[in-house]
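# Report on the structure
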Protein chains: 2
Amino acid sequence: MRTNNATTLTKYVYTFGDGKAEGHAAMKELLGGKGANLAEMNRIGLPVPPGFTLTTEACTLYIKKGREKAFEAIEEEVKAGIRHLEHLMGSGFGDRYQPLLVSVRSGARVSMPGMMDTVLNLGLNDESVEGLSEKSQNPRFAWDAYRRLIQMYGDVVLGLKPEKGETDPFDQQIQLLKSEKGVSRDSDLSVDDLRQLVGTFKQLIQEKTGNAFPQDPWVQLWGAIFAVFESWNNERAALYRKLNGIPDDWGTAVNVQAMVYGNLGDHSATGVAFTRDAATGENRFNGEFLLNAQGEDVVAGIRTPQEVSLEGSRRWASRAGISEALRKEQYPSLEELMPEVYQQLADYAHKLERHYKDMQDIEFTIQEGKLWILQTRTGKRTGTAMVKIAMDMLKEGMLNEKEALMRIDAPRIDDLLHPVFEDEALKGARVIARGLPASPGAASGQIVFFADDAKAWAAQGKDTILVRHETSPEDLRGMHLAKGILTNRGGMTSHAAIVARGMGKCCITGAGEIEVNYQQKTITVQGEVLKEGDWISLNGSTGEVYAGKLPTQNPSLTTELRDLLALADKHAKLKVRANADTAEDAQLARDFGARGIGLARTEHMFFEADQIVAMREMILADDTAGRRKALAKILPIQRSDFEALFERMHDLPVTIRLLDPPLHEFLPHEEENQRQMAETMGVSLEEIQKKVASLTEANPMMGHRGCRLGITFPEITEVQTRAIIEAALNVKKRGIHVKPEIMVPLIGRYREFVLQEAIIRKTAEKVFEEQGERISFHVGTMIEVPRAALTADHIAEYAEFFSFGTNDLTQLTFGFSRDDIGKFLPVYLKEKILDFDPFKQIDEGGVGRLVAYAAEKGRAARPGMPLGACGEHGGNPESIDFFHRAGLDYVSCSPFRVPVARVAAAQANIRNRGE
Amino acid sequence: MRTNNATTLTKYVYTFGDGKAEGHAAMKELLGGKGANLAEMNRIGLPVPPGFTLTTEACTLYIKKGREKAFEAIEEEVKAGIRHLEHLMGSGFGDRYQPLLVSVRSGARVSMPGMMDTVLNLGLNDESVEGLSEKSQNPRFAWDAYRRLIQMYGDVVLGLKPEKGETDPFDQQIQLLKSEKGVSRDSDLSVDDLRQLVGTFKQLIQEKTGNAFPQDPWVQLWGAIFAVFESWNNERAALYRKLNGIPDDWGTAVNVQAMVYGNLGDHSATGVAFTRDAATGENRFNGEFLLNAQGEDVVAGIRTPQEVSLEGSRRWASRAGISEALRKEQYPSLEELMPEVYQQLADYAHKLERHYKDMQDIEFTIQEGKLWILQTRTGKRTGTAMVKIAMDMLKEGMLNEKEALMRIDAPRIDDLLHPVFEDEALKGARVIARGLPASPGAASGQIVFFADDAKAWAAQGKDTILVRHETSPEDLRGMHLAKGILTNRGGMTSHAAIVARGMGKCCITGAGEIEVNYQQKTITVQGEVLKEGDWISLNGSTGEVYAGKLPTQNPSLTTELRDLLALADKHAKLKVRANADTAEDAQLARDFGARGIGLARTEHMFFEADQIVAMREMILADDTAGRRKALAKILPIQRSDFEALFERMHDLPVTIRLLDPPLHEFLPHEEENQRQMAETMGVSLEEIQKKVASLTEANPMMGHRGCRLGITFPEITEVQTRAIIEAALNVKKRGIHVKPEIMVPLIGRYREFVLQEAIIRKTAEKVFEEQGERISFHVGTMIEVPRAALTADHIAEYAEFFSFGTNDLTQLTFGFSRDDIGKFLPVYLKEKILDFDPFKQIDEGGVGRLVAYAAEKGRAARPGMPLGACGEHGGNPESIDFFHRAGLDYVSCSPFRVPVARVAAAQANIRNRGE
């Protein structure tokens, strides 16, 4: 019926509704993401509130030709669209008694947060608000809807935004009115209050714009449509596009959709349904609803929602101790109240689960007996439910093996491996602070501030939470014995975070709101003071700190999880090793399915009581002879540690990294501890303080560490090599097959490697000669300095394997000290300068270029050379996907992360084969 | 006359002598570097002591086939070689009265330090030592030569090396004898002592090897030849080859050459001659000699050497206040003593200078009236002489323009721009310590330890040397007013070094032998204590610290230097800009020929008295409003600083970097200063200490600095931009043309740049609107983070220019904190892990790959985009050569370095065109 000549060939409006749609899912370029999706939901037969989409072409026409031309081109089609809605909804646009109300929303091809302007309840005016009042018999609802329309319209269409630093002008009026009336919540305002507010709002618009709020729904509609078009070019959106490389000429689509209400009487309702149990994963349809209510009422929690199914309702009642009679009277299920609607809902739910092949979370509204599906999305679930649902759907034949694997959100497997708070425990629990979820799990304990106290209290059988500004290697023993660790500095890859994840211990870092006072042994948070011995609880998976003691429950490895992991190994190409420094960790890693040790950090061994004294003697020694003497004491202890590692890891490779951290880390920094060390070692406090001062560096991360230690003090490399080789020969004598891999850290130029390798091979030969027996071993290096990656071709001529140390590589490639990023990383993430924390997920665009380059150059120089990655990224699924694509052989991560990595490795292989 | 069938076709020995040679300069592969060179010297007619070279093929034959086969193959040719020597020298190998003595030296294709085994005086035995005694009438010389032969033979041929940690067994015996005799110097041993030593040495050899020291010269010779062959495969040499990629099968050549002696009576002499004056560059032949002496006697300085030419001799005498009569009697010139030999020498000198087209330093020996040229090499000279000689030779037509430019050792131009010690001053001056030559020049002053003292003493007209562990921005004012700066920590690119070079102020860093005690205001060096007020002197060009006051003289810009620099600009492609932060520096830079400012560091301005208070207010402020208030005070001061820079640099580009260093650098770290600041600002000391603590970072180099400041505190970027733009408009009103370039530091991802650029452009537009006038300006970035280089293509889509900040890029690419490398860099240089300090010369293999990659990607994304480099490397000739090759447009360096860079830029262009 189009009459406009100029645009005869272009269709600007696509309608949907009543199980039909002119568009479909693949038309995102024209209809935007939201519009295409609304069309698709109609196409699969869902009763979605009808509407229409103005195409992105309409927007670009507006931008190029202006409002007049655009209006001319789209007027007739929009009018037809509204007629379509009136027809399907049985109401009239601007009708006094049965007003058609619509929402107007922007929707570009890709999601553009910060540009999604929305106007709801459009179509209301001074007359139809009365109609809505009568029809709903709920004047409060009608007037609240009207004041919302005016407020959103004022903001989005008329541009009444708050001035910089001020609050929204409409909100100011609400605050004013509330304080006048002496009430605190919006919902405490009466119908008359809302009426008054509508008047104030309209007056505000008149004053600020010189025009009255438009009573004509058509004027409202056109205003909203063009405002959304206009918003494409606002400053925020333009900057967002520039940052994200989105072309300026794409334009946005506009969706106009009928509003439906669940609060138009006792045949109306609103609710949420799930196709399976989100907590346990059991295959049972369930959900909650409220009669004669809006969605917000469910959220507000003022009324108790009822169960959708009869079975669910009975289950709920029995748990709540409510009799069947009372239940039936006061809390009947939807199945009992509206059996037909219930059956429709259950059918749709079933259909949706089959369509999306996943558990669905469905929002619905029943308006005067008619069921509307507002939204469906993949349902949130616990880790346990996630695994069960995937494996159940595999058994049910709904998913094949690869699909079942791809259904897993790998990091959430963590939930199945760590303690969690009991469900009931969290009710009424008080969050006193939030930090970073540095290591998952739940823990309750009494506050202690020093590692020694954690040790002493643990000896008395007490549970403790070790609270520190940040931790250092000195705190290791205490961290081991505490139930959880809380710091107020540091990030996701601070010392505390890394060590805790390695131990599988609950940890929250960077809880900056908490002030820690070591002297007084107190913490202060929001004015509240907690002291040593007070109970707190940590949720390491969310970063929440609770006051008091909350009971926890231990996890169990379910059959479904075991099956899932076996399935993952079947489909993975990348192997998963573990970072482990002790026999216990090695055993744990093996239990979790690790295929070897990718990183054994020898420095962690040095902190054991026997070794630390000898280590400190070595550091205090002024010459080679003195260092050798001290190292001779370390040798047998290291050797026996390596033997234990080799025994647990029999038949699998064990990569041992030579000493890496700067020496000052082995000296105490607090005077108390220094004094103790002085006594133990029989030297003066001054001597120790002088040594500490002489080892102090401006930037220790880039200082005298890694192979730089082995080069300046070759005797360290000699003794460590001797300990490794002797240990390997010892276990060999006991019939255990071992594959030691000696890894030289922090190489930047091949010559560093050549010199260290010469010492290693020479020492090994000496041991072989002494013992009259040989073993084969490999010598390789970490690639963790950008220069090493850039010159990987040279290094690969000498090194037998590479292991990418992506923690340090990330630090140096970005120039980010991971201990210091707290001051700007949050801003970087908020402003979207970074899309994610590059210490959690590998930065493919920068660090990844180096990894890929080094992998390629390394393999070119030494075909088939083994490549691994052993940074924190080794346990991160997105990074694992990248390592898979870069052609690595394995990743290595903390033992508790091994199951996650195994699944991620399988997913990477499936995803990248495009199957 | 060869008789061996198997090797008929292979020639293993190449002779030279008497102005003829079988080999020549191009035969390095066969004859080794030294052998080829000896042949070439003969070919141009020099009377070089005759000899022969065993080829590298002889060595490989020995290595593959063993001693017997090799001996068989070369025996006859070696014998013929010795006969050749006997003939030319008129002596006999093993002759009792006229013994032919030879040296045996290794000489591979490329220089291999640590493998150059040498045996001298070979041919001496119990009999011929007596003959040499008689002939020389110098038994002490003969017996000393003999004991040297036995010692070297024992070491090189018989392998009597010192055990690990012990001293050489022969040296032990010398020490023993000296303490027995109660003498301290070797030269105090008598003839009988030396005889006794020869006996002891022979006994030592008998005991250790079971064989007597061979009396047969042929046995000696074969032993030496095969020992040199064997040394090719020793551990040290093999590791050296592995490190340097030298094939194991190259082998080494062996040079056997007749020994000549200048101490065989009054017709013998030894000396050194120069073709031009090494101090002034004047074109006059000169030199010194000693009659009846060995080269060592000249070095020992026991006798006063005489001048070679009569004119030189007279000049010397008049300067020393010696009468002509006395001169003639006691210190006659060679020209007077042996006029013919003198003429020969002068002729050879002339010939050599023409051959090598450069001033020559010639070692000669006259043995019984016959002149031998032992060595000729390019003569060392002062910077002044270097420039004068090159420009003279250009005028003389000996060199063309390009050759004259290539003759310049660019860094030594520095000598012409800085004060130097007076020639006479250094005689008897005592070096008390050595450090790194961080900034050239000479300075004398009284020791002070604190910047404030330097200031106070300077106000009293005193010259001071500021002595610190290391300097920080707080010391800037004191550094300005001191004559020189001495630190006992830090390297060539420490704060002190960089700032001092920028100021053109003499500086020595990292003089680790010196203990500095701030409390007692003393320095202790080798037990000696110097206190505040004591005089010391620094030579910043050599790193030497002298006790006491040494007079200095100021340089003057010679005509030759001006001509040279003009010539350089004519031949250069790369432009040279300067790093300058003040109007004075900018003027200096302009005077030295800079073509703009490549780096103006705004933070240096902040340290000026007026600004530092406001800056600290800004840092202490807790919110945006507080920061804005403080910044408002900074604005007018910065604006006027920029105006001054623009005025001096009219018509040239000025690149201004936005605030870069971490904020803690602007706060005092010593309690005294903190207290002062607290008073000035009216806040508590605790508040300041709390702020300092909160700004403390684990690795500040990688912390909250650079654009990270501008992103977290956008108001800083706003105010700096406003100051720049307002300054540019102000000078424009005065008719001055300016080209501001605003540089955003420490970009790692393009989004950081986009956000900062948006603020800059918005602020500039605001200023343009306010003032109703515009200027054009550019916004670009430093490429100093590896990630920026790796993603230069993305960044270049937005940034209008790149300036490579190679200091930080080097730190991050290597993972070297330049403040902390003191502990391992010396070892790295000694062990040849690094060939040079990468902070002085750019590391082409690693950092250079990033620079080249970024330059290419940047230009691909933005064709013709200007590229510069502004790190310390901008003044380093090797790095300038690299930047030229990488296609950069300019380098920027400290003003005093501009002349050096201009010459280096010309040389880079000439060198890389292969002309």
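## Structural notes on the overall build of chain A
- Helix and strand content of chain A: 36 helices and 32 strands.
- Along the longest, intermediate and shortest principal axes, the C-alpha atoms of chain A span 100 × 60 × 55 Å.
- Within chain A, buried positions represent 57% of all 915 residues.
- Counting contacts in chain A only where the partners sit at least 6 residues apart, residues at least 24 apart contribute 68% of the total.

## Brief notes about the interface of chain A and chain B
- Taken residue by residue, the interface counts 60 residues in chain A and 60 residues in chain B.
- Taken as a group, Met702(A), Arg751(A) and Arg849(A) account for 13% of the area that chain A buries against chain B, more than any other trio of residues on that side.
- Along the contact surface separating chain A from chain B lie 12 salt bridges.
- Lys242(A) is the partner of Glu757(B) in a salt bridge, and the nearest nitrogen-oxygen pair spans 3.5 Å.
- Scanning the region where chain A abuts chain B turns up 41 residue pairs in polar contact (both at pLDDT 80 or more).
- No other element matches the 8 residues that helix H29 (residues 750–771) of chain A contributes to the side of chain A that touches chain B.

## Looking at the environment of Thr696(A)
Residue and element names in this part refer to chain A.
- Here threonine 696 is to be found in the loop between helix H26 (685–695) and helix H27 (707–712).
- Using a relative accessible area of 52% as the deciding quantity, one classes threonine 696 as exposed.
- In this structure the C-alpha to C-alpha distance between threonine 696 and glutamate 335, which are 361 residues apart in sequence, comes to 72 Å.
- For threonine 696, the side chain forms a polar contact with the main-chain oxygen of valine 692, separated by 2.9 Å.

## Structural notes on the relation of the copies chain A and chain B
- Between chain A and chain B, which share one sequence, the superposing operator has a rotation angle of 180 degrees and an axial displacement of 0.0 Å; the RMSD is 0.4 Å. On the angle and the small slide along the axis, the relation comes out as a two-fold axis. When each C-alpha of chain A is compared by its distance to the rotation axis, Asn699(A) comes out closest, at 2.2 Å.
- Comparing contact sets, 100% of the residues at the interface of chain A also lie at the interface in chain B, consistent with an isologous, same-surface contact.

## Digging into the sheet that holds strand E21 (residues 528–531) of chain A
All names here are of chain A.
- Pairing in this open sheet of 3 strands is antiparallel, and the strands run E19-E20-E21 from one edge to the other. With one partner strand each, in any of the chains shown, strand E19 (515–517) and E21 form the two edges of the open sheet. Shown here is a sheet whose adjacent strand axes are inclined to one another by a mean of 20 degrees, direction ignored.
- Note: E19 against strand E20 (residues 522–525), 3 bridges, orientation antiparallel. Directly across from asparagine 517, in E20, lies its bridge partner threonine 522.

## Some words on the state of the cysteines
Residue and element names in this part refer to chain B.
- Applying the stated criterion to the full structure yields 0 disulfides over all chains.
- In this model cysteine 507 remains outside any disulfide bridge; the closest cysteine sulfur is found in cysteine 506, 7.2 Å from its own.
- A relative accessible area of 0% means that cysteine 507 is categorised as buried.

## Things to note about the sheet that holds strand E8 (residues 286–291) of chain B
All names here are of chain B.
- Taken in spatial order, the 5 strands line up as E9-E8-E7-E10-E11 in an open sheet, and their pairing is antiparallel. Each end of this open sheet is capped by a strand with a single partner; those strands are strand E9 (306–307) and strand E11 (370–378).
- In the sheet, E8 pairs with E9 via 2 bridges, with the strands oriented antiparallel. Each residue of the ladder has a partner; that of phenylalanine 289, found in E9, is glutamine 306.
- On top of the sheet, helix H14 (residues 339–356) reaches strand E7 (269–274), strand E10 (360–367) and E11; it is set at about 25 degrees to E11, its chief contact.

## Observations regarding the pairing of strand E18 (residues 506–509) of chain A
All names here are of chain A.
- Because side chains alternate across E18, one face comprises the buried residues Cys506 and Ile508, and the other comprises Cys507 and Thr509, equally buried.
- Summarising the sheet, strand E14 (residues 436–439) and E18 pair through 3 bridges and their orientation is antiparallel. Residue leucine 436 lies in a different strand from E18, and its bridge partner there is threonine 509.
- With 3 bridges connecting them, strand E17 (residues 484–487) and E18 associate as parallel partners.

## Section: the packing of aromatic side chains
Residue and element names in this part refer to chain A.
- Enumeration over the complete set of coordinates arrives at 48 aromatic pairs over all chains.
- Geometrically, the ring pair formed by phenylalanine 824 and tyrosine 828 is edge-to-face, given 5.5 Å between the ring centres and 65 degrees between the ring planes. Neither residue differs from the other here; phenylalanine 824 and tyrosine 828 are each classed as buried.
- Site record: aromatic cluster; members linked through ring pairs are Tyr62, Phe71, Trp222, Phe226 and Phe229.
- Sitting over the face of the ring of tyrosine 14, lysine 11 holds its NZ or CZ atom 4.9 Å from the ring centroid.
- Taking NZ or CZ as reference, arginine 109 lies 4.0 Å from the ring centre of tryptophan 250, over its face.

## What about the environment of Val110(B)?
Residue and element names in this part refer to chain B.
- Residue position: valine 110 is located in the loop between strand E4 (102–108) and strand E5 (118–122).
- The partly exposed category is assigned to valine 110, whose relative accessible area is 34%.
- Put simply, valine 110 and threonine 252 are 142 residues apart on the chain and 9.3 Å apart in space, counted from C-alpha to C-alpha.
- Apart from residues no more than four positions distant in its own chain, valine 110 is found in contact with Ile246 and Trp250.

## Overview of the side chain of Ser803(A)
- By the element assignment, Ser803(A) lies in strand E30 (residues 802–804).
- Residue contacts for Ser803(A): discarding those within four places in its chain leaves Met743(A), Thr781(A), Met782(A), Ile783(A), Gly868(A), Ala869(A), Cys870(A) and Tyr890(A).

## Remarks on the pairing of strand E21 (residues 528–531) of chain B
- Where strand E20 (residues 522–525) of chain B lies against E21(B), 4 bridges are found, and the strand directions are antiparallel. Within the sheet, the bridge partner assigned to Thr524(B) lies in E21(B) and is Val529(B).

## Some words on the pattern of salt bridges
Residues and elements named next belong to chain B.
- Using the criterion set out here, one finds 138 salt bridges over all chains in the structure.
- Between glutamate 22 and lysine 11 there is a salt bridge, with its nearest N and O atoms 2.9 Å apart. Of the two residues, glutamate 22 is situated in the loop between strand E2 (20–21) and helix H1 (28–43) and lysine 11 in the segment before strand E1 (13–17); the sequence distance between them amounts to 11 residues.
- Where glutamate 75 meets lysine 79, a salt bridge forms, and the shortest distance between an N and an O atom there is 2.9 Å. Taken together, the residues glutamate 75 and lysine 79, both in helix H3 (residues 67–89) and 4 residues apart, mark about one turn of the helix.

## Overview of helix H7 (residues 191–209) of chain A
All names here are of chain A.
- In this model, H7 (19 residues) spans 27 Å end to end at C-alpha, consistent with the 27 Å of a helix rising 1.5 Å per residue.
- Those residues of H7 lying buried are Asp193, Leu194, Leu197, Val198, Phe201, Leu204 and Ile205. Viewed along the axis of H7, the buried residues span an arc of 145 degrees, placing them on a single side of the element. More than 90 degrees from the buried face of H7, the exposed residues found are Asp192 and Glu207.
- The inward-facing, buried residues of H7 abut helix H5 (139–156) and helix H6 (169–181).
- Phi for glycine 210, located one or two positions after H7, is positive at around 80 degrees.

## A word on the packing of H5(A) against H7(A)
Residue and element names in this part refer to chain A.
- Here H5 crosses H7 at 20 degrees, and the two axes come no closer than 9 Å. When the axes of H5 and H7 are compared, the pair comes out roughly parallel. Remark: the crossing between H5 and H7 carries left-handed chirality. Packed against H5, whose contacting residues are Pro139, Arg140, Trp143, Asp144, Tyr146, Arg147, Ile150, Gln151 and Gly154, the element H7 presents Val191, Leu194, Arg195, Leu197, Val198, Phe201, Lys202 and Ile205 at the interface.
- Here the residues of the contact of H5 with H7 are counted per class, giving 10 nonpolar, 2 polar and 5 charged.

## Things to note about the side chain of Arg327(B)
Residue and element names in this part refer to chain B.
- Structurally, the position occupied by arginine 327 is in helix H12 (residues 324–330).
- Note on arginine 327: relative accessible area 0%, which makes it buried.
- A polar contact of 2.8 Å, which involves the side chain of arginine 327, links it to the side chain of serine 313.
- If near-sequence neighbours (up to four positions away) are discounted, arginine 327 is found in contact with Leu310, Ser313, Arg314, Ala317, Ile322, Pro332, Ser333 and Glu336.

## Considering the confidence of the model for chain A
- With 97% of its residues at a pLDDT of 70 or more, chain A has an overall mean of 91.
- The ipTM for the predicted assembly is 0.80, set against a pTM of 0.81.

Definitions and cut-offs
- Residues numbered from 1 in each chain as written.
- Chains lettered and ligands numbered in written order.
- Predicted model: local features only at pLDDT ≥ 70, side-chain atom pairs only at ≥ 80, totals over all residues.
- Heavy atoms only, no water.
- Helix = DSSP H or I, 4+ residues; strand = E, 2+ residues; numbered from the N terminus.
- Buried < 20%, exposed > 50% of the residue type's maximum accessible area, 1.4 Å probe, protein only.
- Contact = heavy atoms within 4.5 Å.
- Buried area = accessible area lost by both parts, 1.4 Å probe.
- Salt bridge = Lys/Arg side-chain N within 4 Å of Asp/Glu carboxyl O.
- Polar contact = N/O pair within 3.5 Å; in protein donor to acceptor, adjacent residues only side chain to side chain.
- Least-squares fit on C-alpha atoms with pLDDT ≥ 70 in both.
- Pairing = 2+ DSSP bridges.
- Axes fitted to C-alpha atoms, helices over the stretch in contact; angles between N-to-C directions.
- Disulfide = S-S within 2.5 Å.
- Phe/Tyr/Trp six-rings, centres within 6.5 Å; stacked < 30°, edge-to-face > 60°.
- Lys NZ or Arg CZ within 6 Å of the ring centre and 35° of its normal.
- Expected span 1.5 Å × (residues − 1).
- Arc of directions from axis to C-beta.
- Parallel < 35°, antiparallel > 145°, perpendicular 65-115°, else oblique.
- Left-handed = near helix turned anticlockwise from the far one by under 90°.
- Nonpolar A, V, L, I, M, F, W, Y, C, P; charged D, E, K, R; others polar.
- pLDDT = per-residue confidence, 0-100.

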